[in-house]
Amino acid sequence: MNELALGGVKDFEFNIKDPKFLDEQALWEEAKRVYSKCKDCRMCVTYCPSFPALFDAVDRHEDDVEKLSKEELALPLELCFHCKQCYFKCPYTPPHEWRIDFPHLSLRYKVWKFKNKSAKMTDRIMLNTDLVGKLSVPLAPVVNKLNSTPTFRVVVEKVMGIDRRAKLPPINPETFVSWFKKNRKLVEGKNGKVALFYTCLLNYN
Ligand code: SF4
Ligand code: SF4
């Protein structure tokens, strides 16, 4: 099987501008290529729901990834929450010639889905973490109070599909960036620069 012809990662190194990146057929062929390696390895079965979903589907079809339906191909990618555990444990990630990269495959699937199917309102809102954070910080006491109110959570569950039992991180009344500007201390010496990699979670929560 020619991996280049399948539009695999080898072809474009997760290049979102490559025409094949969003080609549905190329996406499913790449999923089948990755799944055909994973089904024989199965090391990641305990990491997340993606792998059990994949192996159950393959087992239903006599170990043949070619027989998987589009829904069965999509489910493992849908269930991936990008913890990257499988990537760090997998012995077949690039530069290995198999170039297995499950989290990036899932990301590619989600980009394709976002562009070709209408994404849910909740997904569009929740993906925009900066917007949600900027709107929430000035209203932090109100947002935190509402998020801990069972009746409000029932409404949020019905409207946005966020499970009422899910623990939501409290919003900080001040962003980390703003706090840091006020509190950073310049020290004497020739130690050069320090890079601080803060995340949206640290900035707003
Ligand atoms: S991602 Fe790698 S280690 Fe995990 S099941 Fe697939 S081939 Fe095996
Ligand atoms: S990156 Fe995705 S597929 Fe890999 S272990 Fe995490 S959730 Fe599972």
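Residues numbered from 1 in each chain as written. Chains lettered and ligands numbered in written order. Predicted model: local features only at pLDDT ≥ 70, side-chain atom pairs only at ≥ 80, totals over all residues. Heavy atoms only, no water.

**Notes on the packing of aromatic side chains**
Geometrically, a pair of aromatic rings is defined through the distance of the ring centres and the angle of the planes. How we decide: Side-chain rings of Phe, Tyr and Trp (the six-membered ring for Trp) are treated as a pair once their centres are within 6.5 Å; stacked means planes under 30 degrees apart, edge-to-face means over 60, and tilted covers the remaining angles. For helices the rule is a DSSP run of H or I covering at least 4 residues; for strands it is a run of E covering at least 2, with both sets numbered from the N terminus onward. Exposure classes here rest on a 1.4 Å probe applied to the protein chains alone. A residue is buried below 20% of its type maximum, exposed above 50%, and partly exposed in between. Distance and angle both matter: a charge sits over a ring if NZ of Lys or CZ of Arg is within 6 Å of the ring centre and within 35 degrees of the ring normal.
Within the structure shown, the criterion is met by 11 aromatic pairs. Relative to Phe 102, the ring of Tyr 35 lies with its centre 6.1 Å away and its plane at 25 degrees, an arrangement referred to as stacked. Note that Tyr 35 is positioned in helix 2 (residues 24-41) and Phe 102 in helix 6 (residues 102-116), a separation of 67 residues in sequence. Exposure class is identical for Tyr 35 and Phe 102. Each is buried. Above the ring of Trp 98, the side-chain terminus of Lys 37 is found at 4.5 Å from the ring centroid.

**A few points about the confidence of the model for the protein chain**
We count it as follows: A score from 0 to 100, pLDDT tells how confident the predictor is in each residue.
Per-residue pLDDT for the protein chain averages 90, and the proportion of residues at 70 or more is 94%. The lowest-confidence element of the protein chain is helix 1 (residues 9-12), averaging 49 in pLDDT; the highest-confidence one is helix 3 (residues 50-60), averaging 98.

**Some remarks on the pattern of salt bridges**
Cut-off, in case you're wondering: By definition, a salt bridge exists where a carboxyl oxygen of Asp or Glu is found within 4 Å of a side-chain nitrogen of Lys or Arg.
Inspection of the entire model under this criterion finds 13 salt bridges. We note a salt bridge from Glu 30 to Arg 33, for which the minimum N-O separation is 2.8 Å. With Glu 30 and Arg 33 both in helix 2 and 3 residues apart, the pair spans about one turn of that helix. For Glu 30, a relative accessible area of 2% translates into the label buried. Assessed through its relative accessible area of 4%, Arg 33 is described here as buried. Three or more residues are tied together by salt bridges with common partners; here these are Glu 29, Lys 32 and Glu 66.

**Some words on the site of ligand 1**
Spelled out, the test is: A cutoff of 4 Å decides nearness: a residue is near a molecule or strand if any of its heavy atoms lies inside that distance of it. Residue classes follow a fixed rule: Ala, Val, Leu, Ile, Met, Phe, Trp, Tyr, Cys and Pro count as nonpolar, while Asp, Glu, Lys and Arg count as charged, and any other residue, Gly among them, counts as polar.
Taken together, Cys 38, Cys 41, Arg 42, Met 43, Cys 44, Phe 51, Cys 90, Pro 91, Tyr 92 and Ile 100 make up the full set of residues adjacent to ligand 1. Class assignment of the residues belonging to the shell around ligand 1 gives a composition of 9 nonpolar, no polar and 1 charged.

**A closer look at a nonpolar patch on the surface**
We apply this condition: Nonpolar side chains (Val, Leu, Ile, Met, Phe, Trp, Tyr) within 5 Å and like charges within 9 Å form the patches, drawn only from residues with over 30% relative accessible area and no salt bridge. Using the Shrake-Rupley algorithm and a 1.4 Å probe, accessible areas are obtained, with residue cover drawn only from the displayed protein chains.
Among the surface-exposed residues, Met 121, Ile 125, Met 126, Val 132, Val 155 and Val 159 lie close enough to one another that they form a single nonpolar patch of about 490 Å² accessible area. Only helix 7 (121-127) and helix 10 (150-160) provide two or more residues apiece to the nonpolar patch. Counting residues per element, the nonpolar patch draws most heavily on helix 7, which supplies 3 residues. Among the secondary structure elements, Met 121 is positioned in helix 7.

**Considerations on the site of ligand 2**
Taken together, the neighbourhood of ligand 2 is formed by Tyr 47, Cys 48, Ser 50, Phe 51, Cys 80, Phe 81, His 82, Cys 83, Lys 84, Cys 86, Phe 102 and Pro 103. Residue assignment for the shell around ligand 2 shows that the elements contributing at least two residues are helix 3 and helix 6. A per-class count over the shell around ligand 2 returns 9 nonpolar, 2 polar and 1 charged.

**As for the domain arrangement of the protein chain**
To be explicit about the condition: In this entry, domain limits derive from an automatic or database-based domain assignment.
Segmentation of the protein chain into domains returns domain 1 (9-116) and domain 2 (122-204). Using only C-alpha atoms to locate each centre, domain 1 and domain 2 end up separated by 31 Å.

**Regarding the packing of helix 3 against helix 4 (residues 70-79)**
In a pair of packed helices, the angle between the axes and the distance between the axes together describe the arrangement. Using the following cut-off: Here an axis means a line fitted to C-alpha atoms, over the contact stretch when the element is a helix, while the angle between two N-to-C directions is reported on a 0 to 180 degree scale. Each angle gets one of four labels, with under 35 degrees taken as roughly parallel, over 145 as roughly antiparallel, 65 to 115 as roughly perpendicular, and the rest as oblique. Should the near helix be turned anticlockwise from the far one by less than a right angle, the crossing is termed left-handed; should it be turned clockwise, right-handed. Whether two residues touch is decided by their heavy atoms; if any such pair falls within 4.5 Å, the residues are in contact.
Between helix 3 and helix 4, the shortest axis-to-axis distance is 7 Å and the interhelical angle comes to 165 degrees. Looking at the two axes, helix 3 sits roughly antiparallel to helix 4. You can see that helix 3 and helix 4 cross each other, and the crossing is left-handed. Contacts between helix 3 and helix 4 involve Ser 50, Ala 53, Leu 54, Ala 57 and Arg 60 on the former and, on the latter, Glu 72, Leu 75, Pro 76 and Leu 79. Counted by class, the contact of helix 3 with helix 4 contains 6 nonpolar, 1 polar and 2 charged residues.

**Concerning the packing of helix 2 against helix 4**
Helix 4 packs onto helix 2 with a crossing angle of 70 degrees between their chain directions and a minimal axis gap of 11 Å. Relative to helix 4, helix 2 is oriented roughly perpendicular. You can see that helix 2 and helix 4 cross each other, and the crossing is left-handed. Residues Glu 24, Trp 28, Ala 31, Lys 32 and Tyr 35 of helix 2 form the contact with helix 4, whose own contacting residues are Lys 70, Leu 73, Ala 74, Pro 76 and Leu 77. Of the residues contributing to the contact of helix 2 with helix 4, the split by class is 7 nonpolar, no polar and 3 charged.

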